[in-house]
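# Structure at a glance
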Amino acid sequence: MNFSHTFIPTLREVPGDAVIASHRLMFRAGMIRKLSNGLFAYLPLGLRSFRKVENIIREEMNAIGSLEIKPTVVVPGELWKESGRWDAMGDALLRVKNRQGADFVVSPTAEEAFTGIVRDELSSYRQLPLSLYQINTKYRDEIRPRYGVMRGREFVMKDAYSYHCDDESLDEHYQAQGRAYRRIFKRCGLTVIPVKADSGAMGGSGSEEFMVESEVGDNTLLLCKSCDYAANVEKAECKLDYSPRFSQEMADRAAENIPPMEKIDTPNVKTIDELCTFLETDAKSFVKTLIYRAVNVELDLSKAPGCEKLAKHKASPGAPETYPEAFFAVAIRGDLDVNEVKLAAVLKASEVALASDADVERITAAPVGFAGPVGLPAAPVLLDQTVTGMNDAVTGALEKDRHYIHACYGRDFNAWLTADVRTVKAGDFCPVCGGELYEKKGNELGHIFKLGRKYTRSMGVSYLDENGKSHVPTMGCYGIGLDRTLASIIEEHHDEQGIVWPVSSAPFHVIIVPIKYQGQVKDVCNALAAELETAGLEVLLDDRDERAGVKFNDADLIGIPWRIVVGDKNLAAVSSGGTPAPKVELKRRSEKEAHLADLDKAAAEIAEDVRACLAC
Ligand code: ATP
Ligand code: MG
């Protein structure tokens, strides 16, 4: 393709809001233009690379037997009401009405659409397992779209959904998707870190995210220095730095030598730091207690103190019963923080957040800052497992300016529930091998998830087994963002001058740059382009009437893997015997040095290299 026939508006300047390399370079290379906040148009060069990524993903999905379909982007709101997400999705969901006033959503994801389709077709176990996917537009009304296409409002996702009779079948396909994801990212030239991820409140039983390291990443990852443990902080666990008690007897024995619990005056002392100074001790001796409000709790609270009389609610006919709102006291060792995602998973809640001051005062019958697990009747006490190792603790006494000292778990207070809700940090110990954990920032490119029966149950999907008995299938979902993958390739493959495309996602394989596109040079360029295209390569010929320097800069900026420079001087080269030996200059974008090649061998050299790269 000739440069003058395409539309590659390269720029020297970058927009002020482009803070990361991929955003700057996609603009400057003329790959994208912004229509509005979070809305980007792909121009021809950008679309070519986008299609490369799309095809890699398609090939790998097809290879594991997932079947491509093309549902609509606009989906009846009814399906979202059935699943309960019409309300639960909040403002990220773009809801629209048609002229008859019927509700629709612009898909942010497609569990509902796929499950709606499958529900109408599924009757027998013989149709399962079934894995379907689409590569299609999504819209999420992100509060803060940023970093170009990394976090847009409209983007394209490959999303697959699979339906199974049993957990073994789901697990088999989940593993196959995981392997396909690893191949996709390898073929794209991306270094990804697969991490254990939160599998959500409602029935999910396994989840893995594929992260790329990024300074501006939204996710914190915990990795082990000694083994391959890697987890999103939302899910990360660590080895306990004490031995937990397993029985009342052990707790009683541990408390035997501790003086009786005592209430003391702590005038004007509220924060843990202030208490540490006041009592000359450290934060590890405190039981910190926080009051949380949880929404749509699926746990049975009928015997939980303070919750016994709460009424239950059913979002839709098939949905599980939940408590729309409940309050919990969460106690944790004073030097640690509560991880709200882990807490929501434990409570099977759709959302948890710190309670308002008014709610804290109502539940603790004290001003904010004096909550504690001893004698708290108005809310169930959830203890982080670290607290079950504490036997001489300081804690709030549910009274202004008063704290308990010598409080012992098992002797002076107990738990309604004990769980791991701590936020793991760098320096904590690996739950697998005990090695030291460290942190990285990451951006999520893909996510695979065992959903269980959340959607199939609430949307009334069923099949008959070989005995004619009806069952609800179990389900998995598997997503990759194409725009974010493309931007991440540029993040990993660029230099000062521009993009350095891996062959697999390059918009063209070769750029031919004539010093001046005229006379013999022009003929040679055209012949070379034809030869390369016949060999199956994608060629961009810079036929513009520009200075060579401008053309070289643009070639570096748009980052085509191979550059051929054609000029009169090298074409006039002669061999030592005096016979004509025309040469052209070849350069890989990833290397500094160019080399001269015989004109008649140049195309073959490049074709061989491109084929080898595409084969890996
Ligand atoms: P994030 O936490 O980054 O918002 P998510 O967990 O909500 O992402 P999923 O619902 O798991 O995303 O969607 C699957 C994939 O879709 C993500 O891994 C990501 O690659 C892509 N994606 C999600 N939101 C966006 C967005 N706003 N812009 C571009 N890609 C996105
Ligand atoms: Mg995700």
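Below you will find a few notes about this structure. Think of each chain on its own: its residues are numbered from 1, step by step along the sequence as written. Ligands are numbered from 1 and chains lettered from A, in the order in which they are written. Local features in a predicted model are, by the rule used here, given only for residues with pLDDT of at least 70; side-chain atom pairs are given and counted only at 80 or more, and totals for whole chains, interfaces and linings are based on all residues. Only hydrogens and water are set aside; all other atoms, that is, all heavy atoms of the structure, feed into the side-chain values.

With that out of the way, let us pick up the coordination of the magnesium ion (ligand 2). Think of the donor list as every N, O and S atom within 2.8 Å of the metal, or within 3.2 Å for Na, K and Ca; water never makes the list, so a site can look incomplete. Coordination of the magnesium ion (ligand 2) by the protein comes from Glu444 (OE), Glu444 (OE) and His447 (ND1), over a distance range of 2.4 to 2.7 Å. The classification of residues rests on relative accessible area computed with a 1.4 Å probe and restricted to protein chains. Under 20% of the type maximum is buried, over 50% is exposed, and intermediate values are partly exposed. Residue classification places glutamate 444 among the partly exposed positions, given a relative accessible area of 23%.

This part covers the nonpolar core. The criterion is simple. A nonpolar core is a set of buried Ala, Val, Leu, Ile, Met, Phe, Trp, Tyr and Cys residues joined through side-chain atoms within 4.5 Å. Core analysis: the biggest nonpolar cluster contains 53 residues, and Met31, Tyr181, Ile184, Phe185 and Ile558 have the highest contact counts within it. An automatic or database domain assignment supplies the residue ranges for each domain. Residue-level mapping places this core at the junction of two domains, with at least three residues from each of domain 1 (48-73 + 107-237 + 439-490) and domain 3 (508-615). With 26 residues, the next largest nonpolar core counts Val510, Val521, Ala529 and Ala597 among its residues.

Turning our eyes to something else, we now look at the site of ligand 1. What makes a residue near a molecule or strand is one non-hydrogen atom of that residue sitting within 4 Å of it. Lining the immediate environment of ligand 1, one finds 14 residues, of which Arg140, Glu142, Arg151, Gly152 and Glu444 sit closest. Between ligand 1 and arginine 140, the relevant distance is 2.8 Å, taken from an oxygen atom to a side-chain nitrogen or oxygen of the residue. Nitrogen and oxygen atoms within 3.5 Å of one another constitute a polar contact, given that in protein one can donate a hydrogen and the other can accept it, and given that sequence-neighbouring residues count only through two side-chain atoms. At 3.5 Å from a nitrogen atom of ligand 1 is found a main-chain nitrogen or oxygen belonging to methionine 150. Computed with the Shrake-Rupley method and a 1.4 Å probe, the accessible areas treat only the protein chains shown as cover for residues. Contact with the protein chains hides 81% of the accessible area of ligand 1, taken as 580 Å² for the molecule alone. A run of H or I in DSSP counts as a helix once it spans at least four residues, and a run of E counts as a strand once it spans at least two, with each numbered from the N terminus. At the level of secondary structure, the elements contributing two or more residues to the shell around ligand 1 comprise β8 (154-164) and β22 (437-452). Counting residues per element, the shell around ligand 1 draws most heavily on β22, which supplies 4 residues. The nonpolar class holds Ala, Val, Leu, Ile, Met, Phe, Trp, Tyr, Cys and Pro. Asp, Glu, Lys and Arg form the charged class, and all remaining residues, Gly among them, are polar. Partitioned by chemical class, the residues of the shell around ligand 1 number 5 nonpolar, 4 polar and 5 charged.

With that settled, the discussion passes to the environment of phenylalanine 114. Structurally, phenylalanine 114 is set in helix α5 (residues 111-121). Taking the C-alpha atoms as reference points, phenylalanine 114 and alanine 41, separated by 73 residues in sequence, lie 27 Å from one another. Leave out the neighbours within four places in its chain, and phenylalanine 114 touches Ile69, Pro71, Leu132, Tyr133, Gln134, Asp159, Tyr161 and Tyr163. Two residues qualify as a contact provided that any one of their heavy atoms is within 4.5 Å of a heavy atom in the partner residue.

Time to look at the layout of surface pockets. Using only the protein atoms, space was sampled on a 1 Å grid; points where a 1.4 Å probe fits but cannot get out form cavities, open sets with protein on both sides within 12 Å along at least five of seven lines form pockets, and lining residues are those with an atom within 4 Å of a point. Grid points are joined across faces, edges and corners, and a volume is the space filled by probe spheres set on the points. Space inside the second largest pocket adds up to approximately 380 Å³. If you go around the second largest pocket, you meet 22 residues; those closest to its centre are Thr289, Leu290, Gly369, Phe370 and Ala371. Considering every element that reaches the lining of the second largest pocket, the biggest residue donor is strand β14 (residues 286-297), with 6 residues. Partitioning the lining of the second largest pocket into residue classes produces 13 nonpolar, 6 polar and 3 charged.

Glancing now at the packing of aromatic side chains. Working definition: a ring pair exists when centres of Phe, Tyr or Trp rings (six-membered ring for Trp) sit within 6.5 Å. Plane angles under 30 degrees give stacked, over 60 give edge-to-face, the rest tilted. Here the structure, examined in full by the defined rule, presents 7 aromatic pairs. Between phenylalanine 185 and phenylalanine 210 the ring centres are 5.8 Å apart and the planes differ by 35 degrees, which places this aromatic pair in the tilted class. Of this pair, phenylalanine 185 sits in helix α6 (residues 167-187) while phenylalanine 210 sits in strand β10 (residues 206-213), placing them 25 residues apart in sequence. Accessibility assignment for this pair places phenylalanine 185 and phenylalanine 210 in one class, buried. Ring pairing ties together the aromatic residues Tyr181, Phe185 and Phe210, which thus form one cluster. For the cation-ring pair, lysine 81 lies above tryptophan 86, with the distance from its terminal atom to the ring centre recorded as 4.7 Å. For a lysine, the NZ atom is tested; for an arginine, the CZ atom; a charge sits over a ring if that atom is within 6 Å of the ring centre and within 35 degrees of the ring normal. Here the basic side chain of arginine 563 rests over the ring of phenylalanine 552, its NZ or CZ set 4.6 Å away from the ring centre.

Expected helix span is given by 1.5 Å per residue-to-residue step, counting one fewer step than there are residues. For helix α2 (residues 44-63), with 20 residues, the first-to-last C-alpha span of 28 Å sits near the 28 Å given by 1.5 Å per residue. Of all the residues in α2, the buried ones are Leu45, Gly46, Ser49, Phe50, Lys52, Val53, Glu54, Ile56, Ile57, Arg58, Glu60 and Met61. At the exit of α2 stands glycine 65, carrying a positive phi of roughly 85 degrees.

Another point: the sheet that holds strand β31 (residues 583-588). Between any two strands, pairing holds if DSSP finds at least two bridges. With mixed pairing, the 5 strands of this open sheet are ordered in space as β29-β28-β30-β31-β32. In the strand order of this sheet, the two ends are held by β29 (539-541) and β32 (594-598), each with one partner. Put simply, the sheet's adjacent strands are angled 25 degrees from each other on average, direction ignored. With 3 bridges connecting them, strand β28 (residues 510-514) and β29 associate as parallel partners. When the bridges of β29 are listed, valine 510 appears paired with valine 539. The axes used here are C-alpha line fits, helices contributing only the stretch in contact, and every angle between their N-to-C directions lies in the interval 0 to 180 degrees. In the packing of helix α13 (residues 519-534) onto the sheet, contacts are made with β28, β29, β30 (562-566) and β31, and the angle to β28 comes to roughly 170 degrees.

Turning our attention to the packing of α2 against α6. Interhelical geometry of α2 versus α6 gives an angle of 150 degrees and a closest axis separation of 9 Å. Classified by the angle their axes make, α2 and α6 are roughly antiparallel. When the axes of α2 and α6 are compared, the crossing they make is right-handed. Between α2, through Ile56, Ile57, Glu59, Glu60 and Met61, and α6, the contact on the second element is made entirely by Gln177, Ala180, Tyr181, Arg183, Ile184 and Arg187. Broken down by class, the residue content of the contact of α2 with α6 amounts to 6 nonpolar, 1 polar and 4 charged. Any angle that is under 35 degrees is reported as roughly parallel, and any over 145 degrees as roughly antiparallel; angles of 65 to 115 degrees are reported as roughly perpendicular and all others as oblique. The handedness criterion is simple: a crossing whose near helix is rotated anticlockwise from the far helix by less than a right angle is left-handed, and one whose near helix is rotated clockwise is right-handed.

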